[in-house]
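# Coordinates in review
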Amino acid sequence: MSTCSVSCHLPLLIILVNSGFANSKGVDFSNRVKLAYHIKPIILLRSFVFHGYTQRSAYGKQPPRRRENGMTGIKICGITRERDVHAISGMGVQVVGIVFTESPRRVLMGEARELVAVTKRIHPNAPDVWGVFAREPVEMISEYVDFLGLDAVQLHGDFYTDTDVAAVKDVAVVRGLSFRGEADIPAAADAIRNGARYVLLDAPAPKAGPPGGTGRMTDWAAAADVAKRLPTVLSGGLTYRNVAQAIRAVRPAMVDVSSGVEMAPGIKDAGGHFHAA
């Protein structure tokens, strides 16, 4: 197999999620796909099977856009540059995440306005934009929603309570949990019961560090139990190397990738070449 440089990691991940590979047991990827630096056009099966959460009526105004064939959605989080939005938007990504909490990927309000505007105008099926918050009060979050026109807010980590989820108005809420395994399954159910449209399962972050983008993996077995019953976004340590396995194991509504497709925090590994099968 030709060696794939770092510049093709994100396209490769998108190809995997958008194809049937992630749903096929025992796939020998190296024997099926030949990749070179620019990722030559390849034909992949689009037989991806997923039990499907379209969630249109439950989501409020709109769910994150999903293709009608029920394929697993893709969220690329920690976007900081317009060039990455341009690269991602034509690739079948349903959601981009912009981080507004203390983090190496944090984006200020003015910069975010430009990112949102670019996202909405450059592609007829533009990704939805989720704002990611971890320690900001609900009143401040509402100001971000009104000013930026966010499609959803992700309340991430242990700072928020179910009361905070219920307090967010006029926009969908995604509850990001520091998911430690089976012990946190009730918390996921409570989040949906209190108004969250999705639960996002991420690995716990170090106490002194930012709440996400750590590259740590979640407990897939416990996450699969959640995904059987609740609309679930799987996060935590996903890369082009393991995303197919993660989807087969968990069957989430969506996968969320951040550090797994970066050259540095907030700098996505696009390389200017995105090719969807």
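A brief report on the enclosed structure follows. As the structure is a prediction and not an experimental result, all values here were calculated from the model. (Residues numbered from 1 in each chain as written. Predicted model: local features only at pLDDT ≥ 70, side-chain atom pairs only at ≥ 80, totals over all residues. Heavy atoms only, no water.)

A word on the overall build of the protein. When you go through the protein residue by residue, the secondary structure sums to ten helices and ten strands. A total of 277 residues make up the protein; the buried ones form 55% of that total. Partitioning the intrachain contacts of the protein with sequence separation of at least 6 by distance along the chain shows that 64% fall at a separation of at least 24. (Helix = DSSP H or I, 4+ residues; strand = E, 2+ residues; numbered from the N terminus. Buried < 20%, exposed > 50% of the residue type's maximum accessible area, 1.4 Å probe, protein only. Contact = heavy atoms within 4.5 Å.)

Now for a negative patch on the surface. A contiguous patch of negative charge, built from Glu139, Glu143, Asp146 and Asp170, is present on the exposed surface. Judged by relative accessible area, which is 70%, Asp170 ranks as exposed. (Patch = residues over 30% accessible without salt bridge, like charges linked within 9 Å, V, L, I, M, F, W, Y side chains within 5 Å. Areas by Shrake-Rupley, 256 points an atom, 1.4 Å probe, with all protein chains shown as cover. Salt bridge = Lys/Arg side-chain N within 4 Å of Asp/Glu carboxyl O. Lys, Arg positive; Asp, Glu negative; His and termini not counted. Charge placed at Lys NZ, Arg CZ, Asp CG, Glu CD.)

Inspection of the secondary structure puts Asn242 in the loop between strand S7 (232-234) and helix H10 (243-250). Given the relative accessible area of 12%, Asn242 is considered buried. Those residues in contact with Asn242 that sit more than four places away from it in its chain are Met217, Trp220 and Gly237.

Moving on to unusual backbone geometry. In the Ramachandran plot, Asp170 falls in the positive-phi region, its phi being about 70 degrees despite a non-glycine side chain. By secondary structure assignment, the location of Asp170 is in the loop between helix H7 (162-167) and strand S5 (172-178). Even without a glycine there, the phi angle at Arg251 is positive, about 60 degrees. On the secondary structure map, Arg251 appears in the loop between H10 and strand S8 (254-257). Relative accessible area serves as the criterion here: at 26%, Arg251 is assigned to the partly exposed category.

Right, let's talk about H10 for a bit. Among the residues of H10, Val243, Ala244, Ala246, Ile247 and Val250 are the ones counted as buried. Angular distribution of buried residues about the axis of H10 spans 160 degrees; they occupy a single face of the element. Looking at the residues trailing H10, positive phi occurs at Arg251, about 60 degrees. (Arc of directions from axis to C-beta.)

For the coordinates displayed, the defined rule picks out eight salt bridges. Lys120 is the salt-bridge partner of Asp151, the closest N and O atoms lying 2.5 Å from each other. Taken together, the positions of Asp151 in the loop between helix H6 (138-148) and strand S4 (152-156) and Lys120 in helix H5 (residues 109-121) put the pair 31 residues apart, joining distant regions of the chain. You can call Asp151 partly exposed: its relative accessible area is 24%. For Lys120, a relative accessible area of 33% puts it in the partly exposed group. Notably, a salt bridge pairs Asp184 with Arg180, separated by 3.6 Å at the nearest N-O pair.

Overall, parallel pairing links the eight strands, which are arranged S1-S2-S3-S4-S5-S6-S7-S8 in a closed barrel. Within this sheet the neighbouring strands show an average axis-to-axis angle of 25 degrees, counted without direction. (Pairing = 2+ DSSP bridges. Axes fitted to C-alpha atoms, helices over the stretch in contact; angles between N-to-C directions.)

This part takes up the nonpolar core. Counting 52 residues, the largest nonpolar core has Ile98, Phe100, Phe133, Leu150, Val153, Leu155 and Val226 as the members making the most contacts within it. Filtering out sequence-adjacent residues up to four positions away, Val153 remains in contact with Gly131, Phe133, Ile141, Val145, Val168, Val171, Ala172, Val173 and Val174. Ranked by size, the runner-up nonpolar core spans ten residues in total, among them Val95, Tyr198, Leu200 and Val233. (Core = buried A, V, L, I, M, F, W, Y, C linked by side-chain atoms within 4.5 Å.)

Tallying each qualifying case throughout the model produces five aromatic pairs. With a centroid separation of 5.3 Å and an interplanar angle of 20 degrees, the aromatic rings of Phe100 and Phe133 are classed as stacked. In this pair, Phe100 is assigned in the loop between strand S2 (95-99) and H5 and Phe133 in strand S3 (residues 128-133), connecting sequence segments 33 residues apart. Across the pair, exposure class does not vary: Phe100 and Phe133 are buried alike. Measuring from ring centre to ring centre gives 4.8 Å for Phe100 and Tyr144, while their planes differ by 55 degrees; the resulting arrangement is tilted. With Phe100 in the loop between S2 and H5 and Tyr144 in helix H6, this residue pair connects regions lying 44 residues apart in the sequence. Side by side, Phe100 and Tyr144 carry an identical accessibility label, which is buried. Through a chain of ring-to-ring contacts, the aromatic side chains of Phe100, Phe133 and Tyr144 assemble into a single cluster. (Phe/Tyr/Trp six-rings, centres within 6.5 Å; stacked < 30°, edge-to-face > 60°.)

This part takes up the environment of Ala189. Relative to the elements of secondary structure, Ala189 occurs in helix H8 (residues 185-193). The exposure class of Ala189 is partly exposed, given its relative accessible area of 22%. Sequence separation between Ala189 and Val199 is ten residues; the distance between their C-alpha atoms is 8.5 Å.

The subject of this paragraph is H8. For an α-helix, 3.6 residues make a turn, and residues three or four places apart therefore share a direction. All of the buried residues in H8 are Ile185, Ala188 and Ala191. For H8, the arc enclosing every buried residue in end-on projection is 120 degrees, short of the 170-degree limit, so these residues lie on one face. Those residues of H8 hidden inside the fold are in contact with H7, S5, strand S6 (198-202) and helix H9 (220-229). Once H8 ends, the next one or two residues include Gly195, with phi positive near 120 degrees.

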